[in-house]
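# Structure at a glance
For reference, the chains in residue letters:
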Number of protein chains: 2
Amino acid sequence: MRFGTALALLATIAVLPWGRASIGAQTPSLGEILSASPAADWRPLDPENTLYIQLPAGRVIIELSPDFSPRHVANVRALARAHYWDGVQVTRVQDDYVAQWGWSDSVAHPKGDAVDAVDQAEYERAAGSLPFTPLPDPDSYAPFTGFTNGFPAARDSAGTTWMLHCYGAVGVARGSAPDNGSGRDLYVVIGQSPRHLDRNVAMIGRVVSGIELLSALPRGTGALGFYATPAERTPITSIRTGSDLPAAERAPLEALRTGSGTFKKVIESRRFRREEWFVQPTGRINVCNVPLPVRAKTAR
Amino acid sequence: MRFGTALALLATIAVLPWGRASIGAQTPSLGEILSASPAADWRPLDPENTLYIQLPAGRVIIELSPDFSPRHVANVRALARAHYWDGVQVTRVQDDYVAQWGWSDSVAHPKGDAVDAVDQAEYERAAGSLPFTPLPDPDSYAPFTGFTNGFPAARDSAGTTWMLHCYGAVGVARGSAPDNGSGRDLYVVIGQSPRHLDRNVAMIGRVVSGIELLSALPRGTGALGFYATPAERTPITSIRTGSDLPAAERAPLEALRTGSGTFKKVIESRRFRREEWFVQPTGRINVCNVPLPVRAKTAR
């Protein structure tokens, strides 16, 4: 679906009255849609674009987003390959905001932290030929919202696109001066989407598995949710790309293609909730409330 | 501010281009605004509309919302007064969704659960003379959003108003058949605002202190985030209204009045972020991203 369609859909919704939505007669449920989906609507995660964070309690798995931040993603990949983060810690968990891990001014890299800031901000880019599956409903922050190759994204009428701070989104922490961040310190959104951060920071992907290993950590009691004492920090054993792990240690995950017909059905099933529980099917959705299905590949 | 103003503001924003916001020249920061606020812009929490949930690790404090759900709030107050929930447990924590506590079909009240469902749904009401401080920015779910007596709320052009499922919102769990819930089982939002629940369930208030005691609990691994085994549940010692606690045990909290001039400045300071860190001040906000300041009263 091309960008022109988003404009057309938005123009349509703008003239509709804001009354109660009437429920679609036979909208199938999310489970029914996924069960009926053709195998071709799913894509395996690319090991080179998958980041595994090993914690004592399990693994957090991130899909990287080189379409939006190629230099930052290449930098993160190189840091993982150099085992740069081995022994790093989760240093900050701020309720309804972010969990953050990495080396920083207060937690120095044991061999010295000589990583340069990435030379481009990559806060946004020209949409060019990137695919875009638009949502028809309005958004508080951006003129058009939708999905590009598995990631929530926005566009404007000038043809600029950017990734969104939805739950699970991963960004490159940076200092208060607007440099671009070195990647030594990363964060993930664990609360209401802080969309005011959009276009203010480079984003490198989103968590596709294991976010509860970060989102359920105790909140830090220091300023901005940093832990008050080092003992409170959670250790991270290692951070690796999938391609640097033995094949047997990679998670066999596949993601629903956001350009697929199945994903468009997923969107409609969530805009109109037809389950018995719902009195009011709503008929609208925010981009950060649309599920992005990821599942374990099964033998076929 | 009356409802007519919301319409006027929305009409204004609708014709603005969706370009980058330019930063307000001298927007003060949130901290500066609150420091300069007059005492009259704050209101003490009413002990009769404050609910204290005592956990082993501390207290969760909820402000009740009788404007929106008078029967459900009266029911919850009566249940607390009868010590109905003493010894209850947190039975469900679903990541990016809700934490839930109470008696249920699977966790029966020790003396039998004979609480009837409340006789009115209270999912929405006529706005009548309720105050409303509107936001000028669009929302994905509702025609008009803003704040009523401390709570995020929406309105439509028919004069109906309803509370919103923002982070920290507390609702009355109910079964899959659309009854109204008995209040025996309550939940709080701990992730991206699940606004599709709006107008599908009665809401009784929002957490004003201690939400991290619920939001950082381990996630349940059973269906819908229910704990797989009873041993995983967190015990709740008691749930009481402030008016049933000795005065010395009440938290000395006061909330910023959402109809005050100070609150309007808070909204603008969050719509336009002027802190040095921000490259892009955004110039817009979603109703669930507006902070609702609550502070400890200090002697004056």
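Details of the structure are given in the entry above.
Residues numbered from 1 in each chain as written. Chains lettered and ligands numbered in written order. Predicted model: local features only at pLDDT ≥ 70, side-chain atom pairs only at ≥ 80, totals over all residues. Heavy atoms only, no water.

It is worth spelling out helix H3 (residues 70-81) of chain A at this point. Every α-helical turn comprises 3.6 residues, leaving residues that sit three or four positions apart pointing alike. Residues and elements named next belong to chain A. With 12 residues, H3 extends 16 Å from end C-alpha to end C-alpha; this agrees with the ideal 16 Å at 1.5 Å per step. Those residues of H3 that sit buried are His72, Val73, Asn75, Val76, Arg77, Leu79 and Ala80. Against the buried residues of H3 lie strand E2 (50-55), strand E3 (58-64), strand E11 (169-172), strand E12 (185-189), strand E13 (203-209) and strand E15 (238-241). (Helix = DSSP H or I, 4+ residues; strand = E, 2+ residues; numbered from the N terminus. Expected span 1.5 Å × (residues − 1). Buried < 20%, exposed > 50% of the residue type's maximum accessible area, 1.4 Å probe, protein only. Contact = heavy atoms within 4.5 Å.)

Residue and element names in this part refer to chain B. With antiparallel pairing, nine strands are arranged side by side in an open sheet as E14-E4-E5-E12-E11-E13-E3-E2-E15. The open sheet is flanked by strand E14 (234-235) and strand E15 (238-241), the only strands paired with a single partner. Pairing of strand E2 (residues 50-55) with E15 involves four bridges; the strand directions are antiparallel. Counted as the bridge partner of Tyr52 is Arg240 from E15. In this fold helix H3 (residues 70-81) packs onto E2, strand E3 (58-64), strand E11 (169-172), strand E12 (185-189), strand E13 (203-209) and E15, with an angle of close to 120 degrees to the strand it touches most, E15. (Pairing = 2+ DSSP bridges. Axes fitted to C-alpha atoms, helices over the stretch in contact; angles between N-to-C directions.)

All names here are of chain A. Ordered in space as E1-E16-E17, the three strands form an open sheet in which the pairing is antiparallel. Two strands lie at the open edges of the sheet, namely strand E1 (42-44) and strand E17 (294-296), each paired on one side alone. With direction set aside, neighbouring strand axes in the sheet form an average angle of 35 degrees.

Tallying the contact residues gives 48 residues for chain B and 48 residues for chain A. Carbon and sulfur atoms supply 50% of the area that chain B and chain A bury against each other, a total of about 4200 Å² over both sides. Here chain B is connected to chain A by zero salt bridges. Joining chain B to chain A, the criterion identifies 26 residue pairs in polar contact (both at pLDDT 80 or more). Residue classes in the side of chain B that touches chain A are distributed as 20 nonpolar, 13 polar and 15 charged. (Buried area = accessible area lost by both parts, 1.4 Å probe. Salt bridge = Lys/Arg side-chain N within 4 Å of Asp/Glu carboxyl O. Polar contact = N/O pair within 3.5 Å; in protein donor to acceptor, adjacent residues only side chain to side chain. Nonpolar A, V, L, I, M, F, W, Y, C, P; charged D, E, K, R; others polar.)

Attention now moves to the state of the cysteines. Residues and elements named next belong to chain B. Evaluated as defined, the whole model comprises two disulfides over all chains. The disulfide partner of Cys166 is Cys288, and the S-S distance across this bridge is 2.1 Å. The sign of the -75 degrees torsion about the S-S bond sets the Cys166-Cys288 disulfide as left-handed. Taken as a pair, Cys166 in the loop between strand E10 (160-163) and E11 and Cys288 in the loop between helix H5 (261-271) and strand E17 (294-296) lie far apart in primary sequence, 122 residues in all. Residue Cys166 is classed as buried on the basis of its relative accessible area, which comes to 6%. Cys288 gets classed as buried once you look at its relative accessible area, which sits at 10%. (Disulfide = S-S within 2.5 Å.)

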